[in-house]
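A closer look at the structure
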Amino acid sequence: MCFEKSKMKKFLPFLLFVSIEQVNAQLCFSLATNFATDVNPNSICVADFNIDGKKDLAIANNTSDSVSILLGTGTGSFGTAANFAVGSAPNSVVSADFNGDGKIDLATANYLTSNVSVLLGTGTGSFSAATNFTVSFVNPYIMFSADFNGDTKADLAVTYYNSNYVSIFLGTGAGSFSTGTSFLAGSSPYLITSSDFNGDSKVDLALTNSSTNSVSVLLGTGTGSFGSATSFSVGIGPNSVISEDVDGDGKKDLVTSNYNSSDVSVLLGTGTGSFNVAMNFPVGLAFPNYVTSGDFNMDGNLDLTTANGGKNNISIMLGTGIGSFGAPTTFSVGFGPVGLVSSDFNGDAKADLATANSNSNNISVLLNCAAVEIANFTKEQKIIIYPNPSNGNISITASQPIDEIKITDVLDQVVYTDKPIPIAIGTQKLNLLPITIGIENSGVYFVTVTSGNKNTTQKFVVNK
C-alpha cells in the first residue's frame, strides 16, 4: 500500500488530436522470477524511492525486524535487497512523503515493540535510521497512509491485534505525528483502505473484521475524525479490503479477500456511504491472504487477483465491467504469499504483479505478457512538457496517436488520467482531447503516454 494523494486543480486546456486503435488481449503472465529479501517478508509496497522513473519495492520482514528495498531496473528485474532496521516484528509497511521534501519515506507497524518506525528517504533509494513513535494500543498490526484531514500532509491509520479500534495519527509534515486518536471500528479490525464513499470529498475508512465476517465503514469528517462504524457482511474470515469502482458507475465499491471461505466479496457502493449485499466469487480452495486489482487482460475492465497462502499461487478473476467476475486462473509464486501489489515494472504499459512470500524469504515478480493487437502505431512516441520545471500548470504535446495519458507522483499514485473519446471527422475518427491539469503540490511527477502496447514517460518538476 503506497499512498500520497495530490490535489488537482483545473486551468486552460491544450488540445491533443489522437486516433482510435483497436486493442484486444488474452490473460497471460510469465513464470514467476524470485528475488531474495530478509527473513519472513509479509507486506509489500511499490514506489519510486530513487526518483529514476522506475518502480521499486519495499518489503516488511517480520522475523528479521527490517525493511528490504529492491530497486527496479525498469525491465522487470530488481537489484539486490538493501535492508534497513525497524522495530520488532514489522507487520506492514507503507510509503509516503512524510516530511514534504519530495522524497519517499517509509513507515512500519511493529507488532512486538508496539510502535511505528518512520524512515526518511534520501531520494537515492537509501533511508535514514528509524525514528519510533508510540501507538495507542499494544501489538499494532496493519497500517495505512492517506491525508485524513485535508491538509496535504500524509497521516497514518493503525489497527491492532485483539483491539476493536483504529487509531489515526495526523502528520505534522516534518516526519513526525500527533498523538493518536482512536475510533471504534468493529470486531478485531484488520486491514484498512480509504476512499470517498459518500461523495462529500472527505476521506472515509473501510476495515475488515475477520471475527464477524464483515467490513466496517467509517465516514470521515474531513478533520481527521470519523463517525460511527457501519458494518456490511462479507465472506468468512476477511483478511484484506480494497476500494475500486468495479462496475464503472463512478461510485466507489469494496472488495474483500476472505481467507476461510476462499473467495472474494464484492460490495457495490451506492454513493451515499452504504453498500449493496455482497456478491461472492471463488478463488479456488486457496485461502487468499490479499486482494488487489488491475486490468490484466487489457480489455478496459477492472480485474481482481488474490495472493493465496494455501496454494502458493495467485488467482486472477477477469471482470465483466458490471461488477461481476469470472472463474479464477492461477499462477504459481513462492511459498506463503501474503502481500501483493500490481504495477508496471518493465514499462510496457501492462499491469504486472509482485508477491511477498513469507515462507521462502523472497518476492515473486510476474510480468504481464498479454498479446495485444495494435493497428497504426509504427513510429516512436515523443512528448514535450512545457514549462519544466513549472508552477503546477503544464502543457503537453505528443507526436503520435495515444490511447491514454496518465500523470503519477513518485509514489506511483495516479493524480490524473484520461482516455481519448472518438469524434467522427470526415472518414477519420479523431479525438479532440482538452487536458485540463494543474498540480497543487511541489514535487517530482511523471507523464506517461500509452500508444498500443508501448508507452513513453517524461519526468517533470513542480516548484511552488
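What this report covers is the structure whose coordinates are included nearby. (Residues numbered from 1 in each chain as written. Predicted model: local features only at pLDDT ≥ 70, side-chain atom pairs only at ≥ 80, totals over all residues. Heavy atoms only, no water.)

Spatially, the 4 strands line up as an open sheet ordered β11-β12-β13-β14, and their pairing is antiparallel. Of all strands in the sheet, those with a lone pairing partner are β11 (140–146) and β14 (181–184), marking the two edges. Ignoring strand direction, the axes of neighbouring strands in this sheet form an average angle of 25 degrees. Taken together, the 4 bridges between strand β12 (residues 155–160) and strand β13 (residues 165–169) define a ladder with antiparallel strand orientation. Its bridge partner lying in β13, Ala157 is registered against Ile168. (Pairing = 2+ DSSP bridges. Helix = DSSP H or I, 4+ residues; strand = E, 2+ residues; numbered from the N terminus. Axes fitted to C-alpha atoms, helices over the stretch in contact; angles between N-to-C directions.)

Before going further, it helps to examine the pairing of strand β8 (residues 105–110). Of all 6 residues making up β8, 6 are buried, and the element is well covered by its neighbours. Neither face of β8 is left uncovered, since the one carrying Asp105, Ala107 and Ala109 and the one carrying Leu106, Thr108 and Asn110 both have all their residues buried. Two elements, strand β7 (residues 90–96) and β8, share 6 bridges in a ladder whose sense is antiparallel. What sits directly across from Pro90, in β8, is Asn110. Where β8 lies against strand β9 (residues 115–119), 5 bridges are found, and the strand directions are antiparallel. Opposite Ala109, over in β9, you have Val116 as the bridge partner. The turn linking β8 back onto β9 is made up of 4 residues, and Ser114 within it adopts a positive phi angle of 50 degrees. (Buried < 20%, exposed > 50% of the residue type's maximum accessible area, 1.4 Å probe, protein only.)

As a further point, take the sheet that holds strand β16 (residues 204–209). Pairing is antiparallel in the open sheet, where 4 strands are placed in the order β15-β16-β17-β18. Edge positions in the sheet fall to β15 (189–195) and β18 (230–233), since each has one partner strand and no second. If you compare each strand with its neighbour and ignore which way they point, the axes differ by 25 degrees on average.

By size, the foremost hydrophobic cluster in this structure holds 39 residues, and its most contacted members are Phe148, Val166, Leu205 and Leu254. Those elements that place two or more of their residues in this core are β11, β13, β15, β16, β17 (214–218) and β25 (313–317). When neighbours within four sequence positions are excluded, Val166 is seen to be in contact with Ala157, Val158, Thr159, Thr181, Ser182, Phe183, Ala185, Ile192, Leu205, Leu207 and Leu218. Ranked by size, the runner-up nonpolar core spans 35 residues in total, among them Ile51, Val67, Ala107 and Leu119. (Core = buried A, V, L, I, M, F, W, Y, C linked by side-chain atoms within 4.5 Å. Contact = heavy atoms within 4.5 Å.)

Along the chain, Ser92 turns up in strand β7. The class for Ser92 is buried, based on a relative accessible area of 1%. Apart from residues no more than four positions distant in its own chain, Ser92 is found in contact with Ser43, Ala60, Ala107, Thr108, Ala109, Tyr141, Ile142 and Met143.

Let us look at unusual backbone geometry. Most peptide bonds adopt trans geometry, and most residues besides glycine take a negative phi value. In this structure, Ser262 takes a positive phi of about 50 degrees despite not being glycine. With respect to the helices and strands, Ser262 occurs in the loop between β20 (253–258) and β21 (263–267). Assessed through its relative accessible area of 6%, Ser262 is described here as buried. Phi angles above zero are rare outside glycine, and Ala349 is one such case at about 70 degrees. Within the element layout of this structure, Ala349 appears in the loop between β27 (337–343) and β28 (352–357). Given the relative accessible area of 23%, Ala349 is considered partly exposed.

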